[in-house]
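One-letter residues, chain by chain:
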Amino acid sequence: MSATIAVVGASLAGLSAARALRDQSFDGRIVVIGEEVHAPYDRPPLSKDFLAGTSSLEDIGLGTSDDEQLALEWRLGTTAVGLDRISRSVQLSDGSEVRADGIVLATGARARRLPGTEGLRGVHVLRSLDDAVSLREDLAAGGRLVVIGAGFIGAEVASTARTLGLEVTVVEALPVPLAGPLGAEMGAVCAELHGDHGTRLLTGTGVAGLVGTDRVEAVELVDGTSLPADVVVVGIGAIPNIEWLSRSGVALGNGVLTDARGATDIPGVVAVGDCAAAWSVSAERYVRVEHWTHALEQPATAVATLLGREGAAPATVPYFWSDQYGARIQFAGSRREGDVARVVEGSCADRSFLVVYERDGAPVAVLGMNQPRLFTRWRRQLRAAVATVS
């Protein structure tokens, strides 16, 4: 009897794992379990083209004609509710189970919600296709949008809403948006895009609560400001979907804890994508990466681990991008407090520049705005440097 591998999670990371299994010559049964009823789709357009109505579900689907050759067994619209480490089986919400010789955990993460807003119409998060469809319907009516959180998702939603003609206010509790990944100086530069395009940005103040009985009417800030709102989008981070593993024996923290190659503390079980927190030698801690490129590339290493193929974890350079108000922001590397940001090309005032972050005189990260060619060259150099050190 051929072996069975269960992939729990049917988004990009899960699909990438299934493809990697076939690429690495696994010819057994692959069962892909997905909570959503939708076939795998690309999430980045949900806050941009799809939200604006300029792309369709067909446009953002991740399937290709080649996937027909993968011979996957799909279990969509079914939630994993437990994992038995002894029988190595996944229990499902419909009462059935999938027994497997190997398991890939790829359950991703869900949007963090604002407490007390359950059931209040007009309040949205944006993580799934259904979230995007619901938000798109509300934005089509126009009016006043308040975005809580000036991270990349919040900024992209604000940008899309402005193209649709809404009056937009973005509220950020931190003094400088994106200061964590980009540093205060460059975070402030990128945040200026809001003002350039007529979006009101309020920083350094939190949200006290929302006003409304059946539908949201306003957002109350802790400084006493009241912001009238027809629609509210909450973009305050994500929570890994790991609660279903609480009795499984799998080590958990801010995600499923794994080594650098994706292995959990249970033989035959690996974790990938947004739900996984892998040990980072350089950071000396477990790191959970929520970037599209990571979900695309990292599963190949975890699958090799699952199939018993030894080898060092490939050297990687974290990479993400964001499209806001017609500007393409790209970042690669790992920035720490104390790193020096140096503009090496272009001008921040012109919204076209490339910044190199240096630590002890050596480049460790790069940020580009509307500099795709130069950024790609620097990203390639960073990857080569990391590979040499490793």
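Residues numbered from 1 in each chain as written. Predicted model: local features only at pLDDT ≥ 70, side-chain atom pairs only at ≥ 80, totals over all residues. Heavy atoms only, no water.

Q: Would you mind going over the overall build of the chain with me for this structure?
A: When helices and strands are tallied, the chain shows 9 helices and 27 strands. The C-alpha radius of gyration of the chain comes to 22 Å, within 12% of the 21 Å expected for a compact globule of 390 residues. Along the longest, intermediate and shortest principal axes, the C-alpha atoms of the chain span 65 × 55 × 40 Å. Evaluated residue by residue, the chain yields a buried proportion of 49% over its 390 residues. For the chain, the exposed surface amounts to about 17900 Å²; the carbon and sulfur share of it is 50%. (Helix = DSSP H or I, 4+ residues; strand = E, 2+ residues; numbered from the N terminus. Rg over C-alpha atoms; globule rule 2.2 N^0.38 Å. Buried < 20%, exposed > 50% of the residue type's maximum accessible area, 1.4 Å probe, protein only. Areas by Shrake-Rupley, 256 points an atom, 1.4 Å probe, with all protein chains shown as cover.)

Q: I'm lost on helix α8 (residues 292-306) in this one. Help?
A: Three- or four-residue spacings in an α-helix give side chains the same orientation, since the helix completes a turn every 3.6 residues. In this model, α8 (15 residues) spans 22 Å end to end at C-alpha, consistent with the 21 Å of a helix rising 1.5 Å per residue. Bending of α8 peaks at approximately 30 degrees at the position of Q298, with proline P299 no more than four residues after it. What α8 keeps buried is the set T293, A295, Q298, P299, T301, A302, V303, A304 and L306. G308 sits one or two residues past α8 and shows a positive phi near 80 degrees. (Expected span 1.5 Å × (residues − 1). Bend = angle between axes of the 7 residues up to and from the residue.)

Q: Sorry, what's going on with helix α4 (residues 129-140) here?
A: Look at α4: 16 Å from first C-alpha to last across 12 residues, which is about the 16 Å you get at 1.5 Å a residue. Listed in full, the buried residues belonging to α4 are L129, D131, A132, L135, D138 and L139. Buried-residue contacts for α4 involve α2 (49-52), α3 (57-60), β9 (123-124), β10 (144-148), α5 (152-163) and β16 (231-234). (Contact = heavy atoms within 4.5 Å.)

Q: What am I meant to see in the sheet that holds strand β25 (residues 340-347) here?
A: Sheet strands pair via backbone hydrogen bonds, and the direction of the pair is either parallel or antiparallel. Strand order in the open sheet formed by 5 strands is β23-β24-β27-β26-β25, and the pairing between neighbours is antiparallel. Strands with a single pairing partner mark the edges of an open sheet, and in this sheet they are β23 (319-324) and β25. Neighbouring strand axes in the sheet, compared pairwise and without regard to direction, differ in orientation by 15 degrees on average. Of the strand pairs in this sheet, β25 and strand β26 (residues 352-359) are connected by 7 bridges, and their pairing is antiparallel. Looking at the pairing, V340 lines up with E358 of β26. Sitting on the sheet, helix α7 (residues 184-196) touches β23, β24 (327-333), β25, β26 and β27 (362-369), and the angle it makes with β26 is about 160 degrees. (Pairing = 2+ DSSP bridges. Axes fitted to C-alpha atoms, helices over the stretch in contact; angles between N-to-C directions.)

Q: How should the sheet that holds strand β11 (residues 167-172) be read in this particular structure?
A: Reading across from one edge, β9-β16-β10-β11-β12 is the order of the 5 strands in this open sheet, with parallel pairing throughout. In this open sheet, the two strands that pair with only one neighbour each are β9 and β12 (200-203). Both β10 and β16 contribute to a ladder of 4 bridges, which runs parallel. Along β16, the bridge assignment pairs L145 with V231.

Q: What is the right way to read the pattern of salt bridges from this model?
A: Where side chains of opposite charge bring their charged atoms close, a pairing between them can arise. This structure, assessed with the given rule, holds 18 salt bridges. R110 is the salt-bridge partner of E243, the closest N and O atoms lying 2.7 Å from each other. Highlighted residues: E243 in the loop between β17 (238-240) and β18 (252-253) and R110 in strand β8 (residues 109-111), separated in sequence by 133 residues. Take E243: its relative accessible area is 42%, and that puts it in the partly exposed class. Each member of the salt-bridge network shares a partner with another, and the members are R127, D274, R288 and E290. (Salt bridge = Lys/Arg side-chain N within 4 Å of Asp/Glu carboxyl O.)

Q: Even after reading the chapter, I still don't get a nonpolar patch on the surface, so can you show me in this structure?
A: A cluster of nonpolar side chains, namely W279, V281 and Y286, defines an oily patch on the protein surface of about 320 Å² accessible area. We classify W279 as partly exposed; its relative accessible area is 36%. (Patch = residues over 30% accessible without salt bridge, like charges linked within 9 Å, V, L, I, M, F, W, Y side chains within 5 Å.)

Q: For this particular structure, what's the right way to read the nonpolar core?
A: Across soluble globular proteins, nonpolar side chains have a tendency to be buried as a group. Membership of the largest hydrophobic core comes to 40 residues, with the highest contact counts inside it found for L145, L182, M186 and L367. The contact partners of L145, leaving out residues within four places of it in the chain, are L139, V157, A161, L166, E167, V168, T169, V231, V232 and V233. Formed by 24 residues, the second largest nonpolar core is a distinct cluster that contains I5, A13, L62 and V104. (Core = buried A, V, L, I, M, F, W, Y, C linked by side-chain atoms within 4.5 Å.)

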